[in-house]
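# Summary of structural features
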Amino acid sequence: LQNPVTKAQDPSTILALHGFTGSGQDFIPLQQTQSGSRFNWICPDFMGHGEQPSPESLESYQLEAALDLIEQARRSAADPDRVILLAYSMGGRIALHYLLKARPMPAFLVGTSPGLKTKNERCARRRQDQKWIDLLSSPDPIPGFCREWESQPLIEPQTRLPQPSCGQLAERRRRNNPTGLSNSLLACGTGALTGLWNQVSMLPPIHLIHGEYDAKFAAIANRMNALNSACIPIPIPGCGHAPHLEQPVRLMDSVASRVPDLN
């Protein structure tokens, strides 16, 4: 298990799960905030990302493997009963599956959706994702893929982050293996995983964090809240889809203020 880990005196731990094309190092800005420094951190990389390998077989990327990685990371904490789950986008999507099965824990999911409701919607999404898979199979896969990925309205604000964060994020994204990214999409993309909308009412209490300008995921958080009042939407001012990168101090202050029982 490859985990960037930082230590603090406080025994409670944040288990942070990154998004597609990211890595555990994406959470360094949160660790460096005053609120973030109060916690221990475990930030694993999902298969095909960061320091993890990128095998050809899809088996290592499947949901069950990702859930096992989360559980192993939780057990590696100094006190597994004092772990807070923080997850972004793809990490949040996988975290929802984990929270339906795992022991209860405080959870903060950023820019997260339960997925797509119907088989037809998931098939359509897989057809859309084929564009990314084709780019990742091209002669110059990572540069071309990253240019297109970063041009999306949801992702483009990340290219305007202050330095050195902007350059470091771009460099980490470009270090990814094209096979790893392709297989991650095929195994755990939005079109690959079963949607969980019919199980939202069964979810434990969750804080659903979204950026002030992220209308899509604000609407999703509000829909989840309508189905389950324990799913609580939390807007973070001054940011879009990636509050942990765009407004790390505000995000971390919001998380820390809501877990006083663990501190």
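The structure reproduced in this document is the subject of the present report. Note that this is a predicted model, so its numbers are computed, not measured.

### A short note on the layout of surface pockets
With a probe scaled to a water molecule rolled over the atoms, the places where space remains empty come into view. The volume enclosed by the largest pocket comes to roughly 780 Å³. In this structure, the largest pocket is lined by 39 residues; those nearest its centre are Arg125, Leu154, Thr190, Lys216 and Phe217. For the lining of the largest pocket, the secondary-structure elements that each account for two or more residues are helix 3 (90-101), helix 4 (119-136), helix 6 (165-174), helix 7 (178-188) and helix 8 (215-227). Residue composition of the lining of the largest pocket, grouped by class: 16 nonpolar, 14 polar and nine charged.

### Considerations on the side chain of His18
In this fold, His18 is placed in the loop between strand 2 (13-17) and helix 1 (28-31). Looking at His18, the relative accessible area reads 0%, which means it is buried. When near neighbours in sequence (up to four residues on either side) are disregarded, His18 contacts Ser23, Gly24, Asp26, Phe27, Pro44, Asp45, Phe46, His49, Tyr88, Met90 and Gly91.

### Remarks on the environment of Gly19
Examined against the element boundaries, Gly19 turns out to sit in the loop between strand 2 and helix 1. A sequence separation of 93 residues divides Gly19 from Thr112, and the C-alpha atoms of the two residues are 9.9 Å apart. Sequence-distant contacts of Gly19, defined by excluding residues within four places in its chain, comprise His49, Tyr88, Ser89, Met90 and Gly91.

### A short note on empty space enclosed by the protein
Overall, the coordinates contain one cavity of 30 Å³ or more when judged by the stated rule. If you add up the space inside the largest cavity, you get close to 40 Å³. Lining the largest cavity, in full, are Leu109, Gly111, Thr112, Leu208, Ile209, His210, Phe217, Ile220 and Ala221. Elements with a minimum of two residues in the lining of the largest cavity: strand 6 (206-211) and helix 8. Here the lining of the largest cavity is built from residues that sort into six nonpolar, three polar and no charged.

How each quantity is defined
Residues numbered from 1 in each chain as written. Predicted model: local features only at pLDDT ≥ 70, side-chain atom pairs only at ≥ 80, totals over all residues. Heavy atoms only, no water. 1 Å grid on protein atoms, 1.4 Å probe; cavity = no way out; pocket = protein on both sides within 12 Å on 5 of 7 lines; lining within 4 Å. Points joined across faces, edges and corners; volume = space filled by probe spheres on them. Helix = DSSP H or I, 4+ residues; strand = E, 2+ residues; numbered from the N terminus. Nonpolar A, V, L, I, M, F, W, Y, C, P; charged D, E, K, R; others polar. Buried < 20%, exposed > 50% of the residue type's maximum accessible area, 1.4 Å probe, protein only. Contact = heavy atoms within 4.5 Å.

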